[in-house]
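Understanding the architecture of this molecule
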Amino acid sequence: MHLAYPAVLAALLFAVGVYGVLARRNAILVLMSVELMLNAVNLNLVAFDVWLRDTLHAGQALTLFTIAIAAAEIGIGLAIVLMVHRNKGTSDIDRLRDTAEPPQPWGTAPEDGETTDEPPTGEKAEATA
């Protein structure tokens, strides 16, 4: 078997996956594009394993590990996407960037809004004087 055919197919699959990750705004489609990229890697692993005629079949063993990791990734990723969709009503990645907390100014305590760099005022300042 020629190695060029599966290598070219894997390169095309990987390119389509990269395009999907960079161009899509829907989180589920981004996860599907990541799966395409992982399948391209799996195809390369098996093709090189057959081409090298490895007696341990290390490429096929690594492919099984990659499939297990991909299954875990898609399960956790879909759970996160479903929870975000329930809370926000959308799975658009650009709109999900707005959910991040705004950065706090330096020295500001998030609980009370007072800065920690200023000297204390009120009763505590009089008690220490």
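See the structure shown above.
Computed from a predicted model, the values in this text were never measured in an experiment.

Rules used in this analysis
Residues numbered from 1 in each chain as written. Predicted model: local features only at pLDDT ≥ 70, side-chain atom pairs only at ≥ 80, totals over all residues. Heavy atoms only, no water. Helix = DSSP H or I, 4+ residues; strand = E, 2+ residues; numbered from the N terminus. Contact = heavy atoms within 4.5 Å. Areas by Shrake-Rupley, 256 points an atom, 1.4 Å probe, with all protein chains shown as cover. Polar contact = N/O pair within 3.5 Å; in protein donor to acceptor, adjacent residues only side chain to side chain. Expected span 1.5 Å × (residues − 1). Buried < 20%, exposed > 50% of the residue type's maximum accessible area, 1.4 Å probe, protein only. Patch = residues over 30% accessible without salt bridge, like charges linked within 9 Å, V, L, I, M, F, W, Y side chains within 5 Å. Salt bridge = Lys/Arg side-chain N within 4 Å of Asp/Glu carboxyl O. Axes fitted to C-alpha atoms, helices over the stretch in contact; angles between N-to-C directions. Parallel < 35°, antiparallel > 145°, perpendicular 65-115°, else oblique. Left-handed = near helix turned anticlockwise from the far one by under 90°. Phe/Tyr/Trp six-rings, centres within 6.5 Å; stacked < 30°, edge-to-face > 60°.

**Considerations on the overall build of the chain**
- Scanning the chain from terminus to terminus reveals five helices and zero strands.
- Helices (α) and strands (β) of the chain occur, in sequence order from the N terminus, as α-α-α-α-α.
- Expressed as a percentage of contacts within the chain between residues at least 6 apart in sequence, the contacts between residues at least 24 apart total 51%.
- Accessible surface, the chain as shown: approximately 9,900 Å² in total, 66% of it carbon and sulfur.

**Regarding the side chain of Thr66**
- One can find Thr66 in helix 3 (residues 58–88).
- Within polar-contact distance, the side chain of Thr66 engages the backbone oxygen of Leu62 at 2.8 Å.

**A word on helix 2 (residues 27–52)**
- The end-to-end C-alpha separation of helix 2 is 38 Å, in line with the 38 Å expected for 26 residues at 1.5 Å each.
- Listed as buried for helix 2 are Ala27, Val30, Leu31, Ser33, Glu35, Met37, Ala40, Asn42, Ala47 and Asp49.
- Trailing helix 2 by a residue or two, Arg53 shows a phi angle of about 55 degrees, which is positive.

**A closer look at a nonpolar patch on the surface**
- Among the surface-exposed residues, Phe14, Val18, Leu22 and Val41 lie close enough to one another that they form a single nonpolar patch of about 330 Å² accessible area.
- Sorting elements by how many residues they give to the nonpolar patch places helix 1 (residues 4–23) first, with three residues.
- Secondary-structure assignment places Val41 in helix 2.
- Residue classification places Val41 among the partly exposed positions, given a relative accessible area of 36%.

**Quick word on the environment of Asp49**
- Within the secondary structure, Asp49 is located in helix 2.
- Residues Asp49 and Gly59, ten residues apart in the sequence, show an inter-C-alpha distance of 4.9 Å.
- Beyond its immediate chain neighbours, meaning those up to four positions away, Asp49 contacts Asp54, His57, Ala58, Gly59 and Gln60.

**Digging into the packing of helix 1 against helix 2**
- It is at 8 Å that the axes of helix 1 and helix 2 come closest, and there the two elements cross at 165 degrees. Taken together, the axes of helix 1 and helix 2 are roughly antiparallel relative to one another. When you trace helix 1 past helix 2, the crossing you get is left-handed. Packed against helix 1, whose contacting residues are Pro6, Ala7, Leu9, Ala10, Leu13, Phe14, Val16, Gly17, Val18, Gly20 and Val21, the element helix 2 presents Val30, Ser33, Val34, Leu36, Met37, Ala40, Leu43, Asn44 and Ala47 at the interface.

**Some thoughts on the packing of aromatic side chains**
- Summed over all chains, the structure comprises one aromatic pair.
- Their ring planes at 85 degrees and their centres at 6.1 Å tell us that Phe48 and Trp51 sit as a pair that is edge-to-face. Placement of the pair is Phe48 and Trp51 together in helix 2, with a separation of three residues, close to one helical turn.
- For Trp51, a relative accessible area of 47% translates into the label partly exposed.

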